[in-house]
Amino acid sequence: MSNPAPTPTKVQRTTALVMATLGFAVNFWAWSLLSPLGPVFVEQGIVVDASLLVAIPVLVGSLGRIIVGALTDRFGGRLMMPTISLLTIIPVLFLGFVGQYTYSTLLVGGFVLGIAGTSFAIGVPYVNSWFPKERRGTATGIYGIGMGGTAIAAFTTVPLFEQGNVVPFIVTAAALLAYALAALALMKNHPDWQPSEQNIGRQMAAVMKLPFTWQACYLYALSFGGYVAFSVYLPMYLMDAYGLEAGDASLRMAGFVVAAVILRPIGGMLSDKIGAIITLLSSYTIVLLCALALATNPRLEGLGTVAFLLMAIGLGLGSGAVFALVAQVSDPHQVGSITGFVGAAGGLGGFVPPLLLGGLWIATQEYRWGLLLLALATVLAGLITLLTARGMRTKNAADTEEQRSMG
């Protein structure tokens, strides 16, 4: 009879969480490179509208999470995170040296850059495996700080670009390489982790049959998708609606990102303490009120800025709470696959709004209807959250009854 695996130490758990979070951050930094440069490319006349350019990496990174999540169940985070980081170096250098000079090559580079966005689906099951169920909301919330990689891109890309148009791409590629080497040296799979032996296609099909998968998909599409949409399109929004300069708009976008990033781990922590359902309902209430306020096109100096920051807070709380819910409800052997679908939904939630907002601005010269649609989608998210809570209560009652009958 084999001896049980030793209980991981606090140092081992902390190392796993830190390395996963760093991998998420560095890859999201790369994934977001084109967003702050979109207005620059418009000013240079390379593109007429940057909406599709900034949305393409989001789309590819989102759909790719479905496969990468299933692969993580099979091969483990220790192998997958550095592999994705190394692969991401290819499109980053392509964009830096070749792709940034024409619209067609920007689209090709952006398409392959989407690889970086799949990294999210690796870290959630990896972090889950290292922490007990009652602490997974906090752990995945802390892991979610890695989405602050978009803030790194927002703060640094344009200033580095002004020093030389290849500089931001070289710096990002160097960071990816340094991280990948560190991850290969320091990341380990949990001692109890076992690779999923199930056929990847069958595992994905099984996950698709779970009602909870689709409920969580919609909730994350609104929470994280809303965050992604604002983070990639906010510079264009502020330039169009408020006449800001590109640099000022990018800095304000970075402030939005920072607020959401700070609140994501708080969303996970609150989910461990008061429950993911209550945290989600609170976050959606904030988002709903802010969407309605912004639909009135308030002055940026005052209500507009407050509403944007509170929107970031609500979306950050919701993003942390959704994966606390996934961690608490899902079978450990399916977390990667479920994360892939839910993460894809979050990314797709960020793909559609920039295109919609761009189209609305061209057609009407205002963003009001897009914000009202966000308000409506938020109400629906609240109803789905209540439906999920009802399903959880029914399952818990059935489990309790089964335990009584066995006793």
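Rules used in this analysis
Residues numbered from 1 in each chain as written. Predicted model: local features only at pLDDT ≥ 70, side-chain atom pairs only at ≥ 80, totals over all residues. Heavy atoms only, no water. Domains from an automatic or database assignment. Contact = heavy atoms within 4.5 Å. Buried area = accessible area lost by both parts, 1.4 Å probe. Salt bridge = Lys/Arg side-chain N within 4 Å of Asp/Glu carboxyl O. Polar contact = N/O pair within 3.5 Å; in protein donor to acceptor, adjacent residues only side chain to side chain. Nonpolar A, V, L, I, M, F, W, Y, C, P; charged D, E, K, R; others polar. Core = buried A, V, L, I, M, F, W, Y, C linked by side-chain atoms within 4.5 Å. Buried < 20%, exposed > 50% of the residue type's maximum accessible area, 1.4 Å probe, protein only. Helix = DSSP H or I, 4+ residues; strand = E, 2+ residues; numbered from the N terminus. 1 Å grid on protein atoms, 1.4 Å probe; cavity = no way out; pocket = protein on both sides within 12 Å on 5 of 7 lines; lining within 4 Å. Points joined across faces, edges and corners; volume = space filled by probe spheres on them. Phe/Tyr/Trp six-rings, centres within 6.5 Å; stacked < 30°, edge-to-face > 60°.

Undergrad: Looking at this model, I keep getting lost on the domain arrangement of the chain. Mind explaining?
TA: Parsing the chain into structural domains produces domain 1 (7-194) and domain 2 (198-406). Tallying the contact residues gives 44 residues for domain 1 and 50 residues for domain 2. Around 4,000 Å² of area is buried between domain 1 and domain 2 when both sides are counted, 73% of it from carbon and sulfur atoms. Taken together, domain 1 and domain 2 are joined by 0 salt bridges. On the surface where domain 1 and domain 2 come into contact, there are 6 residue pairs in polar contact (both at pLDDT 80 or more). Along the lines of polarity and charge, the residues of the side of domain 1 that touches domain 2 split into 24 nonpolar, 12 polar and 8 charged.

Undergrad: Mind showing me how you'd approach the nonpolar core here?
TA: Tyr143, Tyr227, Phe230 and Met311 are the most contacted members of the largest nonpolar core, which has 114 residues in total. Looking at which element gives the most residues to this core, the answer is helix H11 (residues 211-242), with 16 residues. Counting contributing residues, this core receives three or more from each of domain 1 (7-194) and domain 2 (198-406). Beyond its immediate chain neighbours, meaning those up to four positions away, tyrosine 143 contacts Leu17, Ala20, Thr21, Phe24, Met81, Ser119, Phe120, Gly123, Val124 and Val127.

Undergrad: I'm lost on empty space enclosed by the protein in this one. Help?
TA: To find leftover empty space, one rolls a probe the size of a water molecule over the atoms. Here the structure, examined in full by the defined rule, presents 2 cavities of 30 Å³ or more. Here the largest cavity is characterised by a volume of approximately 90 Å³. Contributing to the lining of the largest cavity are Trp31, Ser32, Leu34, Ser35, Val54, Pro57, Val58, Thr150, Val228, Ser231 and Val232. Listing elements by their share of the lining of the largest cavity, those giving two or more residues are helix H2 (34-43), helix H3 (51-75) and H11. Partitioned by chemical class, the residues of the lining of the largest cavity number 7 nonpolar, 4 polar and no charged. Taken together, Ser32, Ser35, Pro36, Thr150, Ala153, Ala154, Ser231, Val232 and Met253 make up the full set of residues lining the second largest cavity. Examining the composition of the lining of the second largest cavity, we find that 3 residues originate from one element, helix H8 (residues 149-163), more than from any other. Within the lining of the second largest cavity, the residues separate by chemical class into 5 nonpolar, 4 polar and no charged. Counting contributing residues per domain, the lining of the second largest cavity is built from domain 1 (7-194) and domain 2 (198-406), each supplying no fewer than three.

Undergrad: Sorry, what's going on with the environment of valine 322 here?
TA: Along the chain, valine 322 turns up in helix H14 (residues 300-329). According to the relative accessible area criterion, valine 322 is buried, its value standing at 1%. Sequence-distant contacts of valine 322, defined by excluding residues within four places in its chain, comprise Ala216, Leu219, Tyr220, Ser223, Leu280, Tyr284 and Val342.

Undergrad: Even after reading the chapter, I still don't get the side chain of arginine 13, so can you show me in this structure?
TA: Mapped onto the elements of the fold, arginine 13 is located in helix H1 (residues 10-31). In this structure the side chain of arginine 13 is engaged in a polar contact, spanning 2.5 Å, whose partner is the backbone oxygen of tryptophan 130. When sequence neighbours within four positions are dropped, the list of residues in contact with arginine 13 reads Thr7, Pro8, Trp130, Phe131 and Pro132.

Undergrad: For this particular structure, what's the right way to read the packing of aromatic side chains?
TA: The description of two aromatic rings rests on the distance between their centres and on the angle between their planes. Summed over all chains, the structure comprises 17 aromatic pairs. Their ring planes at 50° and their centres at 4.6 Å tell us that phenylalanine 28 and tryptophan 31 sit as a pair that is tilted. Of this pair, phenylalanine 28 and tryptophan 31 are both found in helix H1, 3 residues apart, which corresponds to roughly one turn of the helix. Assessed through its relative accessible area of 7%, tryptophan 31 is described here as buried.

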